[in-house]
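# A closer look at the structure
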Amino acid sequence: MDKWTNINHRIQKQFGITLNEYAIANSIYHLSYPDGWCTAKKEYLGEHIGISKQSVFKILKNLIEYGLVEREKKSLRTTEKWNNAILETQASDPAIASNFSAKKCQKKVKKVDSESKESLLQKVKKVDSESKESLLQKVKKVDSESKESL
């Protein structure tokens, strides 16, 4: 995995955060699951941008105080404040917006979804036909054994 961060200096200055604070918030944002929560370990976040685990803890404390990140048990996520700033930037910059357009994302999701449905359907049909054949063979065997015992 490539380890790099594009710094949006407008957002960095808007929130008055350091480059490392921006990089950690950005990493959490991009490493989050669809539910918004990031479960990456502090060591990984530090390695991701080249800082120590102790520095990550200090940065997370600051980001939580700034209202840019929130913590729940061992998970982290960026707040609406951060997310909105990122989304506004994407929407206002045509070069960025073209890379993150909703239509492109929807097309990719639909493609994956249809491929998954087809793959799943094929597997279900295969299992179903194998099960029918196996069951039919067992019924025939029991039926023939029953006839012989009569």
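Since the structure is predicted, the reported quantities are computational estimates derived from the model, not experimental observations. (Residues numbered from 1 in each chain as written. Predicted model: local features only at pLDDT ≥ 70, side-chain atom pairs only at ≥ 80, totals over all residues. Heavy atoms only, no water.)

### A few points about the layout of surface pockets
- Computed from the structure, the second largest pocket encloses a volume of approximately 250 Å³.
- Forming the boundary of the second largest pocket are Tyr 29, His 30, Ser 32, Tyr 33, Pro 34, Asp 35, Gly 36, Arg 77, Thr 78, Thr 79, Glu 80 and Asn 83.
- At the level of secondary structure, the elements contributing two or more residues to the lining of the second largest pocket comprise α2 (19–31), β2 (75–78) and α5 (80–92).
- Considered class by class, the residues forming the lining of the second largest pocket number three nonpolar, six polar and three charged. (1 Å grid on protein atoms, 1.4 Å probe; cavity = no way out; pocket = protein on both sides within 12 Å on 5 of 7 lines; lining within 4 Å. Points joined across faces, edges and corners; volume = space filled by probe spheres on them. Helix = DSSP H or I, 4+ residues; strand = E, 2+ residues; numbered from the N terminus. Nonpolar A, V, L, I, M, F, W, Y, C, P; charged D, E, K, R; others polar.)

### With respect to α2
- Between the first and last C-alpha of α2 there are 18 Å, a value that for 13 residues agrees with the 18 Å anticipated at 1.5 Å per step.
- Residues of α2 that are buried make contact with α1 (9–15), α3 (42–49), α4 (53–65), β1 (69–72), β2 and α5. (Expected span 1.5 Å × (residues − 1). Contact = heavy atoms within 4.5 Å.)

### Details of the pairing of β2
- With four bridges joining them, β1 and β2 adopt antiparallel strand pairing. Across the sheet, Glu 72 pairs through a bridge with Ser 75, a residue of β2.
- Count of turn residues in the β1/β2 antiparallel hairpin: two residues, of which Lys 73 carries a positive phi of about 55°. (Pairing = 2+ DSSP bridges.)

### Points about the packing of α2 against α5
- Between α2 and α5, the shortest axis-to-axis distance is 11 Å and the interhelical angle comes to 85°. One finds that α2 runs roughly perpendicular with respect to α5. Of α5, the residues touching α2 (which contributes Tyr 22, Ala 25, Asn 26 and Tyr 29) are Trp 82, Asn 83, Ile 86, Leu 87 and Gln 90.
- Grouping the constituent residues of the contact of α2 with α5 by class yields six nonpolar, three polar and no charged. (Axes fitted to C-alpha atoms, helices over the stretch in contact; angles between N-to-C directions. Parallel < 35°, antiparallel > 145°, perpendicular 65-115°, else oblique.)

### Some words on the side chain of Lys 42
- Along the chain, the position of Lys 42 falls in helix α3.
- Among buried Asp, Glu, Lys and Arg side chains, Lys 42 stands out as unpaired, with Glu 43 the closest opposite charge at 7.3 Å.
- Beyond its immediate stretch of four places on either side in the chain, Lys 42 contacts Lys 53, Val 56, Phe 57, Leu 60, Arg 71, Lys 74 and Leu 76. (Buried < 20%, exposed > 50% of the residue type's maximum accessible area, 1.4 Å probe, protein only. Lys, Arg positive; Asp, Glu negative; His and termini not counted. Salt bridge = Lys/Arg side-chain N within 4 Å of Asp/Glu carboxyl O.)

### Description of the pattern of salt bridges
- Counted according to the given criterion, the structure contains three salt bridges.
- The salt bridge partner of Lys 53 is Glu 43, with a shortest N-O separation of 3.0 Å. One end of the pair, Lys 53, is in helix α4; the other, Glu 43, is in helix α3, with 10 residues separating them in the sequence.
- Residue classification places Lys 53 among the partly exposed residues on the basis of a relative accessible area of 34%.
- Look at Glu 43 and you get partly exposed, because its relative accessible area is 36%.
- Linking Glu 65 and Lys 61 is a salt bridge whose minimum nitrogen-to-oxygen distance equals 3.3 Å. Here Glu 65 and its partner Lys 61 are both found in helix α4, four residues apart, which amounts to about one turn of the helix.

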